[in-house]
Structures are given as C-alpha cells and as structure tokens.
Amino acid sequence: MTERQGRHRPGDERDPRPGEPTPFETPEAVLELQPETAPAAGRTHRPGRVHLVVVVTQAVTAEVKAPPGAMLIARFWHPSLRRWNETPFESLEHAMHLFVDESGWVLRQQQALDGPHAFELIFEARREDFSRPSTEAMLEDVGLSAEDVADLIERIERENGSDEPR
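This one's a predicted model, so the numbers in the text were calculated from it and none came from an experiment.

Section: the side chain of glutamate 124
Examined against the element boundaries, glutamate 124 turns out to sit in strand β5 (residues 119–126). For glutamate 124, a relative accessible area of 12% translates into the label buried. For glutamate 124, the side chain forms a polar contact with the side chain of arginine 108, separated by 3.0 Å.

Notes on the packing of aromatic side chains
Inspection of every chain in the model, using the stated rule, returns seven aromatic pairs. When the ring of phenylalanine 76 is compared with that of tryptophan 105, the centres are 5.5 Å apart and the planes differ by 85°; the resulting orientation is edge-to-face. With phenylalanine 76 in strand β2 (residues 72–78) and tryptophan 105 in the loop between α2 (92–102) and β4 (106–112), this pair connects stretches of sequence that are 29 residues apart. For the residue pair phenylalanine 76 and tryptophan 105, the accessibility class agrees, reading buried in each case. With centroids separated by 5.5 Å and ring planes inclined at 80°, the aromatic side chains of tryptophan 77 and tryptophan 84 adopt a geometry described as edge-to-face. Tryptophan 77 sits in the partly exposed class, given a relative accessible area of 39%. Members of the aromatic cluster, joined through ring pairs, are Phe76, Phe89, Phe99, Trp105 and Phe123. Sitting above the plane of the tryptophan 84 ring, arginine 75 keeps its charged end 4.2 Å from the centroid.

Criteria and cut-off values
Residues numbered from 1 in each chain as written. Predicted model: local features only at pLDDT ≥ 70, side-chain atom pairs only at ≥ 80, totals over all residues. Heavy atoms only, no water. Helix = DSSP H or I, 4+ residues; strand = E, 2+ residues; numbered from the N terminus. Buried < 20%, exposed > 50% of the residue type's maximum accessible area, 1.4 Å probe, protein only. Polar contact = N/O pair within 3.5 Å; in protein donor to acceptor, adjacent residues only side chain to side chain. Phe/Tyr/Trp six-rings, centres within 6.5 Å; stacked < 30°, edge-to-face > 60°. Lys NZ or Arg CZ within 6 Å of the ring centre and 35° of its normal.

And the structure:
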C-alpha cells in the first residue's frame, strides 16, 4: 500500500494515524458556533434599562480642591442631575468599591490613560441607580424640615472641609 491509502512509515509524525484525532483543531471546528452553557460572566439580571457610565479619573493636582489623602478625582455625567459628578478618592480600589460594591454597577471595561492615576472605566448601571432620592429628600422623609436639612448638610460640610456638590 502507498502512503495515500493510510499507511505511515514508522517515525512519521507529520500526520495522525488513521482513527487518531488531529493534533490541532481544524479551521471548521474553530469556526463552529458553540452553545453557551453558562451565563456570561458579570452579566447582571437586574430589571430595568441598561445605562453605560463612563468614569474618567485623573490625579489630584494643586488646582483641584480635594480632602487630604485623596489621590484621584473620578468624573462622570449624572443623567438625573444633568451635571458632572466629581468625587475624590484615596485610590482606584476605593473608587471601584463605591461604584461596584455600594452602587451595584458592573465594570465592563477598564483602561489606563496617559498620566498618573488616569483611567477610563466603563460600567453597566441601571437608570433607577440615578433616580434614588437625594440625601435632602431622605432627611425630610424622617421628619426634618428643609431648613434643618440645609443646616445639617452645611454643618457636616464645614466639619469635613468638603466642597463637593450635593
């Protein structure tokens, strides 16, 4: 028999022997659609309309007012308030804790930008994440008057040295 009929010379490692699997996947096998057996990692099953939030961070500079210990400022557009939200953080891990663990957002993409403490973070959130009652509204719900709420917030900001927008 010739090699074309399926016989191999001893020591010929180029082709598999009849009945043996190929040592690599053929292009057809690679291109076949594979059924998904588990949900995609990180996919949320929360109801509501998905909203992507792009957060950009930058290092704290002398021009930026930030509390002592803050290393970076995170900035994103707040759709309900219709303004930019800027928040100082001690580290990127601190920012991630707030956005992921406390707000319930899901990190979809992270990339470093040019510069110290400069990152672009893309999160999946829900519209209702931005429509929660404000601090002022919650305090009024527990019985404080609008004037009491304003005085309390002003006193806290004065004590903490915070100039963050509410």
